[in-house]
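# Structural description and commentary
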There are 2 protein chains.
Amino acid sequence: MRAINILENKKLEWSESNFPSISDNDVLIKISATSVNRADIVQKNGLYPPPPGGSNILGLECSGIIEKIGKNVKNRKVGEKVCALLAGGGYAEYVSCPEVQAIPIPEGINLIEASSLPEVYATCWLNLFLEANLTKGDKVLLHAGASGIGTAAIQLCKAFECESFVTAGTQEKINFCTELGATNGALRTEEPFKKIKEWSPDGVNIILDPVGGNYFEDNINVLSIEGRLVIIGLMGGIKSSINLGSILMKRQKIIGSTIRARSVSIKGRIMSDLYQNVWPFFKAKKIKPCVHAILNINDANVAHRIMEEDKNIGKIILEIN
Amino acid sequence: MRAINILENKKLEWSESNFPSISDNDVLIKISATSVNRADIVQKNGLYPPPPGGSNILGLECSGIIEKIGKNVKNRKVGEKVCALLAGGGYAEYVSCPEVQAIPIPEGINLIEASSLPEVYATCWLNLFLEANLTKGDKVLLHAGASGIGTAAIQLCKAFECESFVTAGTQEKINFCTELGATNGALRTEEPFKKIKEWSPDGVNIILDPVGGNYFEDNINVLSIEGRLVIIGLMGGIKSSINLGSILMKRQKIIGSTIRARSVSIKGRIMSDLYQNVWPFFKAKKIKPCVHAILNINDANVAHRIMEEDKNIGKIILEIN
């Protein structure tokens, strides 16, 4: 089969690759589309190796049609249109994954667009609900609001009756976020934390943060009593100072969270939660995919450059034919 | 009634005080004994004010006999021997508190010793189970292992089939802890974190830490993948550096936790959990109170001095007659 191979100069090339093996609990998916995540770029640059035993091929999610099932597979069947959360291997013609990580695509969403959903919705579900215990009425701060994760989180917050505040790099992105359902927003260049404090003087209940170091002390300062700061990335560095007085007296939580290295059973639980609790919002048109562009897999380098230059609003899809 | 009043020179005086009011959901307890907590010393020194509406009198726990009940009280009755978790007011002849915070004393424990149980067992239950999700087989690091909280945590870990490692200031304290059920221990003056790493090369799953700043970076270093650091005090300062790379890639959690300012409903849930899940261990002699000394309330200054000088192993009880 063909897949994206990473050349020595870090360029991506669509060329021959090994066919994935399929174990008894796996489904084999003929991929229709995959979708770009920032982690792909980090992995391409050699800084985010796949978990032990995982595929070396990039790609943390896909949509496609089930071509074959392992002998223990119970809930998926050949011919089914699914989207899947992957530990890797999505930039390819075929991928295998545990059956629990593949779920039917939402009603009303086409097979190509469905490739943009698993990673961001699984990440948001894990972090907002399972880690940070999102509760109706919570105020949520979303950094990088126009990212794939940001645009998913905004819509989940709205669907579950929570207000959100976004930060982003351009006014166009902020406008997009507020039209999508964010309550408010601020440019990251214009004292966003001052505006967050004005928006919610008692602090925000949850922060979903891909920035890390640069924002850490400001994040703690705007976090409410019993607030939860979920760190999902370190685009702004890994070092900071910490004031444990705030953490203790406000009973705050700092939670480091990545999804890729988690167990299959947790991933399965998340996908099952999404199917039951979030997919109906797609059918009801209360949540929609946010797709910046659909490119062909041959244009993977272009797709990566768009994300590297922070030009995208929402997801970039790579179609595979 | 009489209660401990704090004089201007920070001395404690047993003298006249106002009788507590009792609301519809409260029980009024004629106190038999109270027990000293480090928070009492901090409060005496003006650094830990009682929560809004709370008593100004010191004392976060007591045992005694119910003298009167509010009209909405359902599960407690006059004449019952109880021990209670208090937001304050325990250094007195009488105290009132929500009925859910008072539970029957454990079978096999006398009324005086029972005063040493509510605060430390509630704190340990909240932090080990509700916050840090203690699970059979977890390895737990307990700083200040010979403290009231330490001695309770050691026994809970053992009862729930977890191993514990303690740090403490003297070899006598460490010996006491290991006889009580701690798996291992190290003097805090002799590179304890090196020994912790040898004890559990993959890290510890839970740390219960009253130290804070001084220990923070070392705590993170010895914390396992998906480990939980629960900060319950700041005896070692409030400032530290933090390496968010470890927090993110190991999916660690930092949890600030105090019990006193929490809601009545959470305190009630904790006390109910203790009654159901921990009190049977007292009856079965698998857990015992660790009492350093029983003094009369007139000797409250002596009791505080023992704790201020870190001389106690386990709890110091103040009997009230």
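Note that the structure is a prediction, hence the values are computed from the model and not measured.

Here the focus is empty space enclosed by the protein. Residues and elements named next belong to chain B. The final tally for this structure, using the stated rule, is two cavities of 30 Å³ or more. Within this model, the largest cavity holds a volume of roughly 50 Å³. Mapped by element, the contributors of at least two residues to the lining of the largest cavity are helix 2 (118-131) and helix 3 (148-159). Looking at the lining of the largest cavity, the element that brings in the most residues is helix 3, giving four residues. When the residues that make up the lining of the largest cavity are grouped by side-chain class, the tally is six nonpolar, four polar and two charged.

Relative to strand 14 (residues 253-256) of chain B, strand 14 (residues 253-256) of chain A runs antiparallel, the two sharing three bridges. Residue pairing in the sheet places A:I255 in a bridge with B:K253 of strand 14 of chain B. Across four bridges, the pairing between strand 12 (residues 223-231) of chain B and strand 14 of chain B is parallel. For B:I231, the partnering residue across the bridge sits in strand 14 of chain B and is B:G256.

Moving on, we get to the relation of the copies chain B and chain A. For the match of chain B to chain A, the screw axis carries a shift of 0.0 Å, the RMSD comes to 0.0 Å, and the turn is 180°. What we have between these two chains is a two-fold relation. It is B:S241 whose C-alpha, among those of chain B, lies nearest the rotation axis, at 2.2 Å. A symmetric contact is evident, with 100% of the interface residues of chain B recurring at the interface of chain A.

All names here are of chain A. As far as domains go, chain A holds domain 1 (2-117 + 264-319) and domain 2 (121-256). On a C-alpha basis, the centres of domain 1 and domain 2 stand 26 Å from each other. Applying the counting rule to domain 1 against domain 2 returns zero salt bridges. Elements with a minimum of two residues in the side of domain 1 that touches domain 2: helix 8 (264-277) and helix 9 (279-283). With six residues, the top contributor of residues to the side of domain 1 that touches domain 2 is helix 8. Among the residues forming the side of domain 1 that touches domain 2, the class breakdown is twelve nonpolar, three polar and seven charged.

Residues and elements named next belong to chain A. Closest axis-to-axis distance for the helix 2 (residues 118-131)/helix 8 pair is 10 Å, and the angle between their directions is 95°. Looking at the two axes, helix 2 sits roughly perpendicular to helix 8. For the pair formed by helix 2 and helix 8, the contact residues are P118, Y121, A122, W125, L126 and L130 on the first element and R269, I270, M271, D273, L274 and N277 on the second. Among the residues making up the contact of helix 2 with helix 8, the classes are represented as nine nonpolar, one polar and two charged.

Pairing within the open sheet is mixed, and its twelve strands lie in the order 10(A)-9(A)-8(A)-11(A)-12(A)-14(A)-14(B)-12(B)-11(B)-8(B)-9(B)-10(B). A single partner strand is all that each edge strand has here, and the edge strands are strand 10 (184-187) of chain A together with strand 10 (184-187) of chain B. Adjacent strand axes in the sheet meet at a mean angle of 15°, parallel and antiparallel pairs treated alike. Here strand 8 (residues 139-142) of chain A pairs with strand 9 (residues 163-168) of chain A via four bridges, running parallel. Within strand 9 of chain A, the position partnered with A:K139 by the bridge is A:E163. Across the sheet, helix 5 (residues 192-199) of chain A lies against strand 8, strand 9, strand 10 and strand 11 (204-209) of chain A, angled at about 170° from strand 9 of chain A, the strand it touches most.

For the rest of this paragraph, the subject is the packing of helix 2 of chain B against helix 3 of chain B. Residues and elements named next belong to chain B. With their axes 9 Å apart at the nearest point, helix 2 and helix 3 run at an angle of 60° to one another. When the axes of helix 2 and helix 3 are compared, the pair comes out oblique. As helix 2 packs across helix 3, the resulting crossing turns out to be right-handed. Across the interface between the two elements, V120, Y121, T123, C124 and L128 of helix 2 pack against G148, I149, A152, A153, Q155 and L156 of helix 3. Here the contact of helix 2 with helix 3 is composed, by residue class, of eight nonpolar, three polar and no charged.

Moving on: the state of the cysteines. Residues and elements named next belong to chain A. A full pass over the atoms with the stated rule returns zero disulfides over all chains. C177 supplies the cysteine sulfur nearest to C290, a cysteine that is in no disulfide, at a spacing of 8.6 Å. Residue classification places C290 among the buried residues on the basis of a relative accessible area of 7%.

Let us now look at the side chain of B:N219. Residue and element names in this part refer to chain B. Here N219 shows up in helix 6 (residues 213-221). Reaching out from N219, the side chain makes a polar contact with the side chain of H143 at a distance of 2.9 Å. Those residues in contact with N219 that lie beyond four places of it in its chain are L141, H143, F193, I207, D209 and L229.

With that out of the way, let us pick up the interface of chain B and chain A. Taken together, the contact pairs 32 residues of chain B with 32 residues of chain A. Taken together, chain B and chain A are joined by two salt bridges. Taking the shortest distance from any N to any O, the salt bridge between B:E131 and A:K253 comes out at 2.9 Å. Where chain B packs against chain A, one counts nine residue pairs in polar contact (both at pLDDT 80 or more). Partitioning the side of chain B that touches chain A into residue classes produces 14 nonpolar, eleven polar and seven charged. Across five bridges, the pairing between strand 13 (residues 239-243) of chain A and strand 13 (residues 239-243) of chain B is antiparallel. Following the sheet pairing, A:S241 is matched in strand 13 of chain B by B:S241.

Once that is clear, we can look at the environment of B:G90. All names here are of chain B. Within the secondary structure, G90 sits in the loop between strand 5 (81-85) and strand 6 (94-98). G90 sits in the buried class, given a relative accessible area of 0%. For the pair formed by G90 and N243, sequence separation is 153 residues and the distance between their alpha carbons is 41 Å. If sequence neighbours within four positions are ignored, G90 has contacts with I31, T34, L58, G59, E61 and I320.

About the thresholds
Residues numbered from 1 in each chain as written. Chains lettered and ligands numbered in written order. Predicted model: local features only at pLDDT ≥ 70, side-chain atom pairs only at ≥ 80, totals over all residues. Heavy atoms only, no water. 1 Å grid on protein atoms, 1.4 Å probe; cavity = no way out; pocket = protein on both sides within 12 Å on 5 of 7 lines; lining within 4 Å. Points joined across faces, edges and corners; volume = space filled by probe spheres on them. Helix = DSSP H or I, 4+ residues; strand = E, 2+ residues; numbered from the N terminus. Nonpolar A, V, L, I, M, F, W, Y, C, P; charged D, E, K, R; others polar. Pairing = 2+ DSSP bridges. Least-squares fit on C-alpha atoms with pLDDT ≥ 70 in both. Contact = heavy atoms within 4.5 Å. Domains from an automatic or database assignment. Salt bridge = Lys/Arg side-chain N within 4 Å of Asp/Glu carboxyl O. Axes fitted to C-alpha atoms, helices over the stretch in contact; angles between N-to-C directions. Parallel < 35°, antiparallel > 145°, perpendicular 65-115°, else oblique. Left-handed = near helix turned anticlockwise from the far one by under 90°. Disulfide = S-S within 2.5 Å. Buried < 20%, exposed > 50% of the residue type's maximum accessible area, 1.4 Å probe, protein only. Polar contact = N/O pair within 3.5 Å; in protein donor to acceptor, adjacent residues only side chain to side chain.

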